[in-house]
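One-letter residues, chain by chain:
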Amino acid sequence: MDSISAEELVIEEGKSSELTAAFQIIRDTTINDVPKFGQKTCREVARVVACRTYAPALLELCHLLVAASATDRISGRYENFFWGSGPARPSAFKGYLSQCYTLPDGITVQGAGVEIDYGEGEFGVTFARMPFLSALLEFLVTSVGYGALDEAVAPLLGRVPTQEEVSDAANGLSRVVYDYLKQHLPSVQTQRKSRSLLTFLAEQSNGEVGPGTLDDQAVLDYWLSHSADDGNGIDAKTYQSVFQSAISLLRVLRFAVERYQMNGALPIGTDREAGEIDPAKIEEAVASIDETPNPLDVLKQPPVDAVKFLNGREMDALDGVVFGTGVANDLPVSVLRNAVFSRAQFRITNTLRKNPPAGEMLSFIETVLETDYPTQVARFQSLAEHLEKTVLASLYALVYGSRMEAISVILSVLPNSDLGDLMGDLVGALDKPDWEDSNVVSLHAESAASRFMKMLRQGEGLSPDLKDLMFRAKKAHKENSRQGFQDHELRSEETIDAFVIAVDALLVAEKELKSFLNHPVANVDWSRQFTNDEIIFKDQYRLLYGVGHD
Amino acid sequence: MIEHPLKLGKQELEFLNGVADSLAETDALTSFISGPGGKVAFADLYAYATDPDFLPAQDLLNALDEDVRLSAGFQRLLANTSMLYMPQVAAASSGERQYREADGCRITFKESRADPSQMFVIFELVDKQATPPSIMFICYADNSCRKVVLSDAIEGRIQLLVDKDSHIVRGLSEVSTEVYLR
């Protein structure tokens, strides 16, 4: 195994933070208080960077730059297309291009996108693809800088270039990005945490690996056997970092098993015999695993963060248990170990910075724990109750704002409720065939929906279970005094919009946490488990941070 | 839970390692970090360069003062998006002068009769029908730039009444400055 020093590791982490800051800026960029890029778009760009599969996307971007610069016949510049067209949405780019009546010969706006005819061939960019390419451009100006980007694409502006010129510019840009990432993306050599954990699992089980192989014992064994290793390039010192790697790896192994079941093989690529792994196949796999966003990410960003659905402490706790359907359920003890012992390890490393005498450090390790498993389980249970009440309070907000999304929340909270009679008119109106006058249909639907919302608000004409639900929703809202939950704040459309976006994420988080608490957690004797683990973890802390260790 | 384990060959192991590493890196790149990330959003730079009503955060102005690459990129952006550009005055000229000109515009100074401590800066535009500029950037030899929001043009003429000693008069009089109008 190649060796890498601790000092080099620190440098590598510094590289990552520079890139993370660039992505933070892209994610936080707003236009008229609206995020310029969606969360999914930002992750797509991060993925092509992390997988180093940015070259085809840069070629697409160069084609789009040709079209963008053609939108300004006088200056031949592309900037206004990307930074003067509002939030990066397909409709915004479509609207911008549709208003350009004097595009040069060879560039045409069509129903689904823009087409560039180079004479020797054509290239089309769809409106749906433009937000991603715009975010990629934002990444370029934030990372390599506007000067380097503009220099590389200068030959493409002000006229329709040849395809070869577009290709040359894209290659030039690829080289600039490659050089930048060489300095700022941790090298493959240091991206070895997951690599090492998977190899460890394969070694433990004679090469037979699956989600079931990665269990609580394997995670603990890996930490115990690797946390004291220095200078091997694997940052496994903290239990938290090992736990996070295990969660990532579990998602990867679930994907692998599903693909095997579907295709009888992993989608490695076509050149198996040459022993090469196609990076595009790696990116495809990451995209597939990444398809469902983490609900907590939705709650952390604008406009949802304007409403205090969860405080920092609650968000931190959920970050350690909500990873996607069933993932936490596969590692229940590890989730509790992370919640209790990672915090303790963090306190130890913090104290270590003050260089206490060895005896003092050992005493600190003895008293470092702030909580135990039964207490932590109780915290998770109280968090689940808070999520349940927050969903109900959100339902009240949706009904107050007459938002139709309230209906799907009702169906999630009361799956057996019969809304048939109440919504009869509405369903009938929406079900009318396409050939009927669409205005008549929407008036039917609107009127039925508004009647239904009024009934929900007034609590009249409802079945007993629905009446009770609305009573609880109102109570939950009144009892919540956090930012965004005051009655007067519900008059703001923006606040109601935040509830609309957040409520699905809250429902997913609630369902996941309750599933975790109802199934694996309910089957463990947590007091006994804690007594055993306390001995193991304190022994390891003494090994890592006791006399003679930094 | 999917229980069936997979028999992984070297290549499969390598593939899954690559997927796990890339997933972890994607997570790391998009992780939420608290506090400012120390970078400037290009959207803000663009708005500062092109929108007369945009109020820049102090962080943006500081970054332009301190980050050489950023300020060089910003000047390139000004050059690319401005309608008129006045280069440095020829080296033979002395340190100060009373007018600046470019194709399409001439800037002159005229002392105020009402208040001798003030001065009119007058922009005369050649094309009186074209959309007049609304922003001026004066860029100094050290790459720093100052933004000036212009008043409305009347028949191709824009007038600013400023202190004689203001950075506008000093900047425009200085032969080593470059001026961008947009």
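So, how was this worked out
Residues numbered from 1 in each chain as written. Chains lettered and ligands numbered in written order. Predicted model: local features only at pLDDT ≥ 70, side-chain atom pairs only at ≥ 80, totals over all residues. Heavy atoms only, no water. Phe/Tyr/Trp six-rings, centres within 6.5 Å; stacked < 30°, edge-to-face > 60°. Helix = DSSP H or I, 4+ residues; strand = E, 2+ residues; numbered from the N terminus. Buried < 20%, exposed > 50% of the residue type's maximum accessible area, 1.4 Å probe, protein only. Pairing = 2+ DSSP bridges. Axes fitted to C-alpha atoms, helices over the stretch in contact; angles between N-to-C directions. Disulfide = S-S within 2.5 Å. Salt bridge = Lys/Arg side-chain N within 4 Å of Asp/Glu carboxyl O. Polar contact = N/O pair within 3.5 Å; in protein donor to acceptor, adjacent residues only side chain to side chain. Contact = heavy atoms within 4.5 Å. Buried area = accessible area lost by both parts, 1.4 Å probe. Nonpolar A, V, L, I, M, F, W, Y, C, P; charged D, E, K, R; others polar. Expected span 1.5 Å × (residues − 1).

Looking at the packing of aromatic side chains
For any pair of aromatic rings, the description rests on two quantities: the centre-to-centre distance and the angle between the ring planes.
All names here are of chain B.
Thinking step 1. Across all of its chains, the model carries 29 aromatic pairs over all chains by this definition.
Thinking step 2. Taken together, a centroid distance of 5.4 Å and an interplanar angle of 85° make the contact between Y48 and F137 edge-to-face. With Y48 in helix α2 (residues 42–50) and F137 in strand β6 (residues 135–139), the pair connects residues that are 89 residues apart, well separated along the chain. As far as burial versus exposure is concerned, Y48 and F137 are alike and both buried.

Some details on the sheet that holds strand β5 (residues 122–126) of chain A
All names here are of chain A.
Thinking step 1. Strand order in the open sheet made by the three strands is β3-β4-β5, with antiparallel pairing throughout. Among the strands making up the open sheet, the edge pair consists of β3 (107–109) and β5. Within this sheet the neighbouring strands show an average axis-to-axis angle of 15°, counted without direction.
Thinking step 2. Pairing geometry for strand β4 (residues 113–117) and β5, over five bridges, is antiparallel. Within the sheet, the bridge partner assigned to D117 lies in β5 and is E122.

As for the state of the cysteines
Any covalent bond linking the sulfur atoms of two cysteines counts as a disulfide.
Thinking step 1. One pass over the full model with this rule turns up one disulfide over all chains.
Thinking step 2. Linked covalently through their sulfurs, C139(B) and C145(B) form a disulfide whose S-S length is 2.4 Å. An S-S torsion of about 110° defines the bridge between C139(B) and C145(B) as right-handed.
Thinking step 3. According to the relative accessible area criterion, C145(B) is buried, its value standing at 17%.
Thinking step 4. You can see C42(A) has no disulfide; the closest cysteine sulfur is in C51(A), sitting 16 Å from it.
Thinking step 5. Here C62(A) is not cross-linked by a disulfide; its sulfur's nearest cysteine counterpart is in C100(A), at 20 Å.

Regarding the pairing of strand β3 (residues 99–102) of chain B
Residues and elements named next belong to chain B.
Thinking step 1. The side-chain alternation of β3 yields one buried face, formed by R100 and A102, and one unburied face, formed by Y99 and E101.
Thinking step 2. Relative to strand β4 (residues 105–111), β3 runs antiparallel, the two being bridged by four bridges. Bridge pairing in β4 links R100 to I107.
Thinking step 3. The hairpin formed by β3 and β4 contains two residues between the paired strands, and G104 there has a positive phi angle of roughly 105°.

Points about the pattern of salt bridges
Residues and elements named next belong to chain A.
Thinking step 1. The full count for this structure, using the stated rule, is 34 salt bridges over all chains.
Thinking step 2. Residues D290 and R43 are paired through a salt bridge, measuring 2.7 Å at the closest nitrogen-oxygen approach. Of this pair, D290 sits in the loop between α12 (279–289) and α13 (295–300) while R43 is found in helix α2 (residues 39–50), placing the two residues 247 residues apart along the sequence. Here D290 matches R43 in class, with each residue buried.
Thinking step 3. For E534, the salt bridge identified is with K538, shortest N-O distance 2.9 Å. Here E534 pairs with K538, and both are found in helix α24 (residues 526–545), just four residues apart, close to one helical turn.

Considering the side chain of S241(A)
Thinking step 1. For S241(A), the location among the structural elements is in helix α11 (residues 239–263).
Thinking step 2. Polar side-chain contacts of S241(A) include one of 3.1 Å to the backbone oxygen of T238(A).

Structural notes on the interface of chain A and chain B
It is common to report an interface's size as the accessible area lost on association of the parts.
Thinking step 1. The partner chain B presents 46 residues to the 80 residues of chain A that form the contact.
Thinking step 2. When chain A packs against chain B, the two sides together hide about 5,600 Å² of surface, and 63% of this comes from carbon and sulfur.
Thinking step 3. Here chain A is connected to chain B by three salt bridges.
Thinking step 4. Where chain A touches chain B, the interface holds nine residue pairs in polar contact (both at pLDDT 80 or more).
Thinking step 5. Looking at the side of chain A that touches chain B element by element, the count peaks at 12 residues for α11(A).
Thinking step 6. When grouped by side-chain class, the residues that make up the side of chain A that touches chain B number 36 nonpolar, 22 polar and 22 charged.
Thinking step 7. As paired elements, strand β6 (residues 208–209) of chain A and strand β1 (residues 6–7) of chain B share two bridges and run antiparallel to each other. Across the sheet, V209(A) pairs through a bridge with L6(B), a residue of β1(B).

Focus on unusual backbone geometry
Thinking step 1. Look at N32(A): it is not a glycine, yet its phi comes out positive at around 50°.
Thinking step 2. Tracing the sequence through the fold places N32(A) in the loop between β1 (30–31) and β2 (34–35).
Thinking step 3. Look at N32(A) and you get exposed, because its relative accessible area is 72%.
Thinking step 4. Backbone geometry at N143(B) places phi at a positive 80°, although glycine is not the residue there.
Thinking step 5. Here N143(B) lies in the loop between β6 and β7 (145–149).
Thinking step 6. Residue classification places N143(B) among the partly exposed positions, given a relative accessible area of 26%.

Concerning α24(A)
Residues and elements named next belong to chain A.
Thinking step 1. Relative to the 28 Å expected for 20 residues at 1.5 Å per residue, α24 spans 27 Å between its end C-alpha atoms, a close match to the ideal helical length.
Thinking step 2. Every buried residue of α24 is accounted for by W526, Q529, F530, D533, F537, K538, Q540, Y541, L544 and Y545.
Thinking step 3. Looking at the buried positions of α24, the neighbouring elements they touch are α10 (216–226), α11, α16 (332–352), α17 (358–366) and α18 (373–400).
Thinking step 4. Two or three places before S527, at the start of α24, stands the capping residue D525, its side-chain oxygen 3.3 Å from that residue's backbone nitrogen.

Comments concerning the environment of G84(A)
Thinking step 1. Here G84(A) shows up in the loop between α4 (79–83) and α5 (90–98).
Thinking step 2. When its relative accessible area of 40% is taken as the criterion, G84(A) is described as partly exposed.
Thinking step 3. Sequence spacing of G84(A) and I31(A) is 53 residues, and the spatial spacing of their C-alpha atoms is 9.5 Å.
Thinking step 4. Those residues in contact with G84(A) that lie beyond four places of it in its chain are E79(A), Y96(A) and Y46(B).

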